[in-house]
Amino acid sequence: MASFCRAAAHLRAPVRFRRLGTVDLGAYPIRDPGSTGYQALVSQCKGLIASSGYCQLDGFVLPETVRAMCAEARQLRSRGLGFTSTNVHNLLLEAEEESSSAAPASPRAQVFHSSKTLVAMSHLPESSPLRELYADDALRELVRECFGLPRLSCSADPHGGVYYNFFDEGDALWWHCDRSHFSVNLILQTAEGGDFEFIPESRHLADEIGTWADLEKDLQRRKRVPKLNSGSIYLFAGNASFHRVSPVTSGTRINAILTYNVEENQRLNAYTLKQFFGIDQDTGGNA
Ligand SMILES: O=C(O)CCC(=O)C(=O)O
Ligand SMILES: [Fe+2]
């Protein structure tokens, strides 16, 4: 009888949905910044960023959440909410008028065609696990500390704060240095090819090596190709180092970019919104 009552009480209990944990807090104690584990994590990341501009946190996002994010990304894309762009750019992502003075064979005159498909933050449902990760103050604080920044805010841009990226077969992001000084990237699904490759502290070579052909040889010879798995997050000082995503040869690479700014209330400019998200600033709608 007693056991029957317990069972009945259980049946009457309100249904609780199990909330997925997002971050592996055992390995990365981001909710406990006073702990020695947290301090060790920050000092290790700071050291790596100081020496090579790069550090990666493997298994940062738990596998179940990675699966939920991949499923969400694919579902949004299958509803036609992805925007595929081909971007023509040079090594320093300069505007045409900035690079027009470069000599024809020089590195800065080289033009690349990069392509990928993005799903903007404005398409993510309120309950999105990617939104939840982006809204996590403890992650933002970790990023701030690792890059040694005085303060850090989430983007105020409704489309570009955090977004999914797809690199399908043939897609690539060719050699460049970012305009922003730091970036945070979450790998959700790997593919054949689609490797993140970088050469620490190499930006100055664009002015020192006379031709793109010679610079490319140097980059290929010295590049680092970290082994990234689904669930890895990497922090990268992408303004100082040439990097690329190599062409995908089979499958689809899925990743998410989390955008933070030192200054508050930063939004994407009209060019970036149109070029990468297909959004007209005036209407906010997809082009
Ligand atoms: O997806 C990556 O691993 C790199 C992306 C990148 O370099 C960029 O968005 O500027
Ligand atoms: Fe980049």
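Residues numbered from 1 in each chain as written. Chains lettered and ligands numbered in written order. Predicted model: local features only at pLDDT ≥ 70, side-chain atom pairs only at ≥ 80, totals over all residues. Heavy atoms only, no water.

Per the UniProt record, the feature "domain: Fe2OG dioxygenase" (unreviewed entry) sits at residues 155-264. Across residues 155-264, helical content stands at 14% and strand content at 38%; the span's end C-alpha atoms are separated by 7 Å. (UniProt positions renumbered as here; feature names shortened; annotations may be inferred. Helix = DSSP H or I, 4+ residues; strand = E, 2+ residues; numbered from the N terminus.)

Attention shifts here to the environment of Gly-21. Looking at the element boundaries, Gly-21 is found in the loop between α1 (2-12) and α2 (36-52). Each C-alpha atom, one on Gly-21 and one on Leu-62, is 7.1 Å from the other, the two residues being 41 residues apart in sequence. Beyond its immediate chain neighbours, meaning those up to four positions away, Gly-21 contacts Leu-62 and Thr-65. (Contact = heavy atoms within 4.5 Å.)

Moving on to the packing of aromatic side chains. Enumeration according to the criterion identifies 14 aromatic pairs in this entry. With 5.2 Å between their ring centres and 85° between their planes, Phe-112 and Trp-212 make a pair best called edge-to-face. Residue Phe-112 is found in strand β3 (residues 112-119), and its partner Trp-212 is found in helix α8 (residues 212-222); the two are separated by 100 residues along the sequence. Judged on exposure class, the residue Phe-112 and its partner Trp-212 are both buried. Between Phe-196 and Phe-236, the aromatic rings sit 5.1 Å apart at their centres with planes inclined by 85°, giving edge-to-face as the arrangement. With a gap of 40 residues between them, Phe-196 in strand β9 (residues 196-199) and Phe-236 in strand β10 (residues 233-236) connect regions that are remote in the sequence. Judged on exposure class, the residue Phe-196 and its partner Phe-236 are both buried. Members of the aromatic cluster, joined through ring pairs, are Tyr-54, Phe-196, Phe-198, Tyr-234 and Phe-236. If you follow Arg-77 out to its NZ or CZ, it ends over the ring of Phe-166, 4.6 Å from the centre. (Phe/Tyr/Trp six-rings, centres within 6.5 Å; stacked < 30°, edge-to-face > 60°. Buried < 20%, exposed > 50% of the residue type's maximum accessible area, 1.4 Å probe, protein only. Lys NZ or Arg CZ within 6 Å of the ring centre and 35° of its normal.)

Glancing now at the environment of Ala-156. Looking at where Ala-156 falls in the secondary structure, it is placed in the loop between β4 (153-154) and β5 (162-167). Residue class for Ala-156 comes out partly exposed when judged on its relative accessible area of 28%. A sequence separation of 118 residues divides Ala-156 from Tyr-38, and the C-alpha atoms of the two residues are 28 Å apart. Contact partners of Ala-156, with chain neighbours within four places excluded, come to Asn-265, Gln-266 and Arg-267.

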